[in-house]
Amino acid sequence: MTETKVLLPESALPARWYNVAADMPNRPQPVRHPGTGNPVGPDDLAPLFPMELILQEVSDAPEIPIPEPVREILRLWRPTPLIRALRLEQALGTKSRIFYKYEGVSPAGSHKPNTAVAQAYYSKQEGRKRLATETGAGQWGSALALACRLLGLECKVYMVKVSYHQKPYRRSMMETWGASVVASPSEETQSGHAILEADPDSPGSLGIAISEAVEDAAGREDAAYALGSVLNHVLLHQTVIGQEALAQVELAGAFPDVVIGCVGGGSNFAGLAFPFIREKIAGKEIDVLACEPAACPTLTRGPFAYDFGDTGQLTPLVPMHTLGHDFIPAGIHAGGLRYHGVAPLISQLVLDGLVRAEAYAQNDVFASAVTFAGSEGIIPAPESAHAIHGAVLRAMAADDEGVERTILFNLSGHGHFDMAAYDDYLGGRLEDFALPEDEIQRALAAIEPLPKPA
Ligand SMILES: Cc1ncc(COP(=O)(O)O)c(C=O)c1O
C-alpha cells in the first residue's frame, strides 16, 4: 500500500531558515533610494522594520537560526503534511507521481503565518506596539492578525477593496483576532485619499494598499510595517516549507523532477522551491516552475527593471520583474496574485535560468481546482489553484512524452473563504481577461525615468 500522507514529528520542525542568497550564482542588485539612486542602507529602513529583519534582508549567511519562541508558535500546525495525490493521479489517468505540501492547515488557512509570527516576534522584541499591513486576498491580513494576537501587538490591515467586498468573512476573521480592518483605498491616509480623488470607484490593488500601510507605519514611532511577501526576509521565513518537504520526499522514497508554486509576490513559491534550488545549484536536475495569472503576468510579460514596490511611490526602488507600479490588475479571484512585481530573489533566479514561469487563464485554473477538489477533497484557494493547474499540465505533458515524472507542488492555502469565486466559476460567470500589450506598455511608461539595472 502506498502511504497517502507523509507526516513529520514536531521535533523535525526546522531549526534554521535557508538563505538562497548565499548560493545564488548572481546576487540580486541592491535596492535603491528613489531620490539619490544610491543603495538603501539599514538606517533608511529602520523607521519601518525592526533591525533584526533588516539584517536578515541583507544577510549572506546560508542559514539563520529560528528563535525558539517562534518555533513554539509554528508547532501549533507545523510540520505540515506532504500528501501523495493518488486520487488526482487516478482522475487524470497519469503515470506521473504527484505530491503536494499542504500549507492550508495553519489557523489562518495558508502559508502566510510562517513569516507573520517571525515578523511580529522581532517587532515585539524591539518594543514596537503596533503593526500595519496590506492584504489582498485576506490571507496575509489574517495571518498577521493571528500573529499579533498571539504575541500581544495591535494590528491594522488595509484590505484591497475588491477583496474586502468579495470576502466579508476574512474581515470578520481578522477582527476576531483583534485586528482593525479598512477597505483600501481609504480616506485614512493621504495615498488612499489621492487615489479616491482620481477614481472614487477604484477597486484597489496591493500596490495601493502597501502605500497606505507604509504611510500609516511611518507616521507613528511605536509602529512597524509588515509585508507578507516580496522581501528577502519574508521569503527566508517561508523556507521551513521546502526543508520539511525535502525530508518528506526522502521518507516517501522520491525526489521531484518538477517543483511548482503559484507566484504573487513569490513567498510560498520561494518557501517550497528555494531548498530545492539549493539542490539544483549543487547539480540535481529539477524543473522549477512559477505559475502566475494571465491577468497579471509579471514574470512572463514584465521586464526586469527597477520599480517602486507600491503605487504611491513611498517604497525604495526594487530590482524585479514588474508590470509598472501603477498597473492595476483586473479583479480576478486570485486576489493574492494581483501584484505588479515579484520578489527580487525570484526575479534574479528567473533571469539566471534557474526558475521558469508560465501564466494561466482563470477559467482553466478553476477547472483544475474543481478536479482537485473532486479527487483530493480539499477546496483550494484560487491562488494555490494556479500551482495545481501547473502540476496537471506537467503530468499531462509527461504522459504525452511517454515519461513518468515526480511532481511536487505547494498547496499554499484552502479556499473556504473563496466560495464566491467558485460560485462565479460554476455559474459560468468567470471572465478571462486578455491583457492587451498596449495596457502593459502604458503602465511601463511610468518606470521609464527610473534607474536601470546594471
Ligand atoms: C493562499 C495564497 N497563496 C498564494 C498567495 C500569493 O502570495 P505569495 O506569492 O507571496 O505566496 C497568497 C497571497 O495572498 C495566498 O493567500
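Our structure is the block above this text.
**Overview of unusual backbone geometry**
Working step 1: At the junction of arginine 78 and proline 79, the peptide bond is cis and its omega measures out at -10° in the coordinates.
Working step 2: Despite not being glycine, valine 230 has its phi angle at roughly 70°, a positive value.
Working step 3: For valine 230, the location among the structural elements is in the loop between β9 (223–225) and α11 (232–237).
Working step 4: For valine 230, a relative accessible area of 7% puts it in the buried group.
Working step 5: Positive phi outside glycine occurs at glutamine 313, with the angle close to 60°.
Working step 6: Within the secondary structure, glutamine 313 sits in the loop between β12 (304–308) and β13 (317–321).
Working step 7: Judged by its relative accessible area of 43%, glutamine 313 is partly exposed.

**Focus on the site of the ligand**
Working step 1: Taken together, the neighbourhood of the ligand is formed by 18 residues, with Ser229, Gly264, Gly266, Ser267 and Ser412 sitting nearest.
Working step 2: Here histidine 111 contributes a side-chain N or O atom positioned 3.0 Å from an oxygen atom of the ligand.
Working step 3: Contacts to the ligand include lysine 112, whose side-chain N or O atom sits 3.1 Å from an oxygen atom.
Working step 4: Summarising the interface, the protein chains cover 98% of the accessible area of the ligand, which totals 390 Å² for the free molecule.
Working step 5: Mapped onto the shell around the ligand, the elements with two or more residues apiece are α13 (267–281) and α17 (382–401).
Working step 6: Taken together, the residues of the shell around the ligand sort by class into 4 nonpolar, 12 polar and 2 charged.

**Comments concerning helix α6 (residues 139–151)**
Working step 1: Here α6 is 13 residues long and its end C-alpha atoms lie 18 Å apart, about the 18 Å a rise of 1.5 Å per residue gives.
Working step 2: All buried positions along α6 are accounted for by Gln139, Trp140, Gly141, Ser142, Ala143, Leu144, Ala145, Leu146, Ala147, Cys148 and Leu151.
Working step 3: Just beyond α6, the residue with positive phi is glycine 152, at close to 80°.

**Describing the environment of lysine 101**
Working step 1: Among the secondary structure elements, lysine 101 is positioned in strand β5 (residues 97–102).
Working step 2: Accessibility expressed as a relative area gives 0% for lysine 101, which makes it buried.
Working step 3: Residues lysine 101 and alanine 132, spaced 31 residues apart in sequence, show a C-alpha to C-alpha distance of 29 Å.
Working step 4: Within the local environment of lysine 101, its side chain forms a polar contact with the side chain of glutamate 244, the two groups lying 2.7 Å apart.

**Details of the pairing of strand β10 (residues 258–262)**
Working step 1: Along β10, 5 of the 5 residues are buried, which leaves the element largely enclosed by surrounding structure.
Working step 2: Neither face of β10 is open: one carries Val258, Ile260 and Cys262, the other Val259 and Gly261, and all of them are buried.
Working step 3: Pairing geometry for β10 and strand β11 (residues 287–293), over 5 bridges, is parallel. The residue bridging glycine 261 from the neighbouring strand is alanine 290, located in β11.
Working step 4: Considered for its hand, the β-α-β crossover made up of β10, α13 and β11 is right-handed.
Working step 5: In this sheet, strand β15 (residues 406–411) lies alongside β10 in parallel orientation, the contact comprising 3 bridges. Residue pairing for β15: valine 259 is matched across the bridge by leucine 408.

**A short note on the packing of helix α16 (residues 362–376) against helix α18 (residues 419–426)**
The geometry of a pair of packed helices is captured by two quantities: the angle between their axes and the separation between those axes.
Working step 1: Put simply, α16 and α18 touch, their axes get as near as 11 Å, and they point 105° apart. The angle between α16 and α18 falls in the class roughly perpendicular. The residues of α18 that touch α16, namely those facing Asn363, Phe366, Ala367, Ala369 and Val370, are Ala421, Tyr422 and Tyr425.
Working step 2: Of the residues in the contact of α16 with α18, the class split is 7 nonpolar, 1 polar and no charged.

**Side note on the nonpolar core**
Working step 1: Formed by 94 residues in total, the largest nonpolar core has its most connected members in Trp17, Tyr225, Phe274 and Ile346.
Working step 2: Of the residues forming this core, the biggest block, 8 residues, is contributed by α6.
Working step 3: Counting 33 residues, the second-largest nonpolar core is a separate cluster that includes Tyr102, Cys291, Ile388 and Leu411.

**So, the packing of aromatic side chains**
Working step 1: Tallied over the entire structure, the rule returns 8 aromatic pairs.
Working step 2: Here tyrosine 100 and phenylalanine 372 contribute two aromatic rings whose centre-to-centre distance is 5.1 Å and whose plane-to-plane angle is 70°, an arrangement assigned as edge-to-face. With tyrosine 100 in strand β5 and phenylalanine 372 in helix α16, this pair connects stretches of sequence that are 272 residues apart. No difference in accessibility class separates tyrosine 100 from phenylalanine 372, as the two residues are buried.

What counts, and at which threshold
- Residues numbered from 1 in each chain as written.
- Predicted model: local features only at pLDDT ≥ 70, side-chain atom pairs only at ≥ 80, totals over all residues.
- Heavy atoms only, no water.
- Helix = DSSP H or I, 4+ residues; strand = E, 2+ residues; numbered from the N terminus.
- Buried < 20%, exposed > 50% of the residue type's maximum accessible area, 1.4 Å probe, protein only.
- Near = heavy atom within 4 Å.
- Polar contact = N/O pair within 3.5 Å; in protein donor to acceptor, adjacent residues only side chain to side chain.
- Areas by Shrake-Rupley, 256 points an atom, 1.4 Å probe, with all protein chains shown as cover.
- Nonpolar A, V, L, I, M, F, W, Y, C, P; charged D, E, K, R; others polar.
- Expected span 1.5 Å × (residues − 1).
- Pairing = 2+ DSSP bridges.
- Right-handed = clockwise from strand over helix to strand, strands pointing away.
- Axes fitted to C-alpha atoms, helices over the stretch in contact; angles between N-to-C directions.
- Parallel < 35°, antiparallel > 145°, perpendicular 65-115°, else oblique.
- Contact = heavy atoms within 4.5 Å.
- Core = buried A, V, L, I, M, F, W, Y, C linked by side-chain atoms within 4.5 Å.
- Phe/Tyr/Trp six-rings, centres within 6.5 Å; stacked < 30°, edge-to-face > 60°.

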